[in-house]
Amino acid sequence: MNRTLTDSTTWRLHWQMSNAERCALPTILHRLKPALSLEIGTYQGGSLQVLSDHSEKVVSLDIDPIVAQSLDGNFPNVEFRSGDSRTVLPQLVDELNASRRAVQFVLIDGDHSADGVCRDIESVLKLNIWERLVVLMHDSFNPECRRGMKEARWSDNKHVHYVELDFTVGNFHAKAYDTAEAGSMWGGFACAVLEPHERRHELVVEERQKAVFDAVFPLSVYAPKPARSKLSVALESILSRLGLGKPS
């Protein structure tokens, strides 16, 4: 597809996002005009180039120090932090809170384990909220990432007013594509909005496309293989001893 429909001509770096995500991310950033954005998980800098274009300042966190070495100098308004987000992110949150620096946008796209996603979310939820904060979480269509997003203690933070796991829907890769294996589920944005005033309503973590997720999951590589019954296993053993092979 002609990327001029979704990408700026100045965006040269590879980024692993769908057409819907390529449209959604810059649109949200354009409306927010964040003074400070955070990116957790930078990889090759695809989404960072978009954040850099639309933010006054960006702090990029990635576990791989090669990311900072390869990208530093390309973005004059980006500060790079290297290390595991389980230690680097809480330290950054403490720094920002102590200096009373408001964050307007966060993109979470780092550790893709359920525990890692949950941990990164809950670290971000410790930010002091002086202005509206929008948090996008990539790969909400991936079962492991989605589980981490659902397990995060959103309701404990009274500044969380909205959480939608299917802000944009992800993709089922019937064939291998880029780093996605055949039969895998990736992509999709979850979105959370935090406001400086406290929530007065019960928070519901929305899953508006849960039916799509549930329909695709059994076809994916993540679905558990059907367990063989004890009777089937016993019958195979008996037939094998009789030299008759497996039942048809």
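The text that follows walks through the structure, step by step, so that each part is easy to find. Here the structure is a predicted model, which means the values were calculated and not measured.

Right, let's get into the overall build of the chain. In terms of helices and strands, the chain carries 8 helices and 10 strands. Taking the contacts inside the chain whose residues are at least 6 apart along the sequence as the reference set, 69% of them involve residues at least 24 apart. For the chain, the exposed surface amounts to about 13200 Å²; the carbon and sulfur share of it is 53%.

Under the criterion given, the structure shown has 2 aromatic pairs. Aromatic side chains F141 and F213 sit 5.8 Å apart centroid to centroid with 85° between the ring planes, which places their arrangement in the edge-to-face category. A residue pair is termed long-range when its members are at least 10 positions apart, and F141 in the loop between strand 5 (133-138) and helix 6 (143-151) and F213 in helix 7 (residues 210-216) qualify at 72 residues. You can call F141 buried: its relative accessible area is 2%. Taking 6.1 Å as the distance between ring centres and 25° as the angle between the ring planes, the aromatic pair formed by F213 and F217 counts as stacked. Take F213: its relative accessible area is 11%, and that puts it in the buried class. The partly exposed category is assigned to F217, whose relative accessible area is 23%. Among the aromatic residues, ring-to-ring pairing joins F141, F213 and F217 into one connected group.

This part takes up the pairing of strand 6 (residues 160-168). With respect to burial, strand 6 is a largely interior element, 7 of its 9 residues being buried. In terms of strand pairing, strand 6 meets strand 9 (residues 189-194) through 5 bridges, oriented antiparallel. The partner of V163 across the bridge, within strand 9, is A192. Across 2 bridges, the pairing between strand 6 and strand 10 (residues 205-206) is parallel. Within strand 10, the position partnered with V163 by the bridge is V205.

Glancing now at the packing of helix 4 (residues 85-99) against helix 5 (residues 114-124). Look at helix 4 against helix 5: their axes get within 9 Å of each other, and the N-to-C directions meet at 10°. Classified by the angle their axes make, helix 4 and helix 5 are roughly parallel. Where helix 4 approaches helix 5, its residues S85, R86, L89, P90 and V93 are matched on the opposing element by R119, D120, S123 and V124. Taken together, the residues that form the contact of helix 4 with helix 5 break down as 4 nonpolar, 2 polar and 3 charged.

Calculation rules
Residues numbered from 1 in each chain as written. Predicted model: local features only at pLDDT ≥ 70, side-chain atom pairs only at ≥ 80, totals over all residues. Heavy atoms only, no water. Helix = DSSP H or I, 4+ residues; strand = E, 2+ residues; numbered from the N terminus. Contact = heavy atoms within 4.5 Å. Areas by Shrake-Rupley, 256 points an atom, 1.4 Å probe, with all protein chains shown as cover. Phe/Tyr/Trp six-rings, centres within 6.5 Å; stacked < 30°, edge-to-face > 60°. Buried < 20%, exposed > 50% of the residue type's maximum accessible area, 1.4 Å probe, protein only. Pairing = 2+ DSSP bridges. Axes fitted to C-alpha atoms, helices over the stretch in contact; angles between N-to-C directions. Parallel < 35°, antiparallel > 145°, perpendicular 65-115°, else oblique. Nonpolar A, V, L, I, M, F, W, Y, C, P; charged D, E, K, R; others polar.

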